[in-house]
Amino acid sequence: QVQLVESGGGLVQAGESLRLSCAASGRTNSYYVMGWFRQAPGKEREFVAAIVWSGGSTYYADSVKGRFTISRDNAKNTVYLQMNSLKPEDTALYYCAGRRGGFGYTGALYEYWGQGTQVTVSS
């Protein structure tokens with residue numbers, strides 16, 4: 001069993017930065033890819049970024065490319081999402097997720113999910 005706990009969300013002004021953390025516990029070898037998804041009111045859940053645990057290959061949605069960076073700390077079993085140049089359209093509930101197998105854009109492919117952390121960007 002794997003537990004994922006997100007933290008680091010908050011209220012910031014446009015142009016500012018936040019760093020989200022996702023702490024994994026339990027059988028961390030149960031997943032191969034860790035990803036971040038977000039969902040805003042009235043919108044579908046969308047892929048944000050992902051990282052392959054072994055090797056560190058990363059993937060980003062076009063909407064965040066160049067602004068967000070996903071990384072991991074192997075010793076702490078923690079995945080981070082550094083969010084720079086935040087925009088009001090980044091406002092959403094951000095979820096950390098993990099899956100077995102290779103990278104995928106679809107949230108349904110991910111077996112493990114955190115509770116979410118709210119990011120609100122004011123204009």
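Here we summarise the structure given alongside this text. (Residues numbered from 1 in each chain as written. Predicted model: local features only at pLDDT ≥ 70, side-chain atom pairs only at ≥ 80, totals over all residues. Heavy atoms only, no water.)

Some words on the pairing of strand β7 (residues 68–73)
Which entries qualify depends on this criterion: Strands qualify as paired when DSSP identifies two bridges or more between them. Segments assigned H or I by DSSP are reported as helices when at least four residues long, segments assigned E as strands when at least two residues long, and all are numbered from the N terminus.
Across six bridges, the pairing between β7 and strand β8 (residues 78–83) is antiparallel. Its bridge partner being in β8, Asp73 is matched across the sheet by Thr78. Two successive antiparallel strands, β7 and β8, enclose a turn made up of four residues, where Asn77 displays a positive phi of approximately 50°.

A closer look at the sheet that holds strand β1 (residues 2–7)
Applied cut-off: For helices, the fitted line uses only the C-alpha atoms of the stretch in contact; every axis is such a line through C-alpha atoms, and the angle between N-to-C directions lies from 0 to 180 degrees.
Taken together, the four strands give an open sheet; going across it, the order is β1-β3-β8-β7, and neighbouring strands pair in antiparallel fashion. In the strand order of this sheet, the two ends are held by β1 and β7, each with one partner. Across the sheet, the mean angle from the axis of one strand to that of its neighbour is 15°, orientation sign disregarded. Sheet analysis places strand β3 (residues 18–26) next to β8, joined by six bridges and oriented antiparallel. Paired with Ser21 across the two strands is Tyr80, which belongs to β8.

Geometry only, nothing functional implied.
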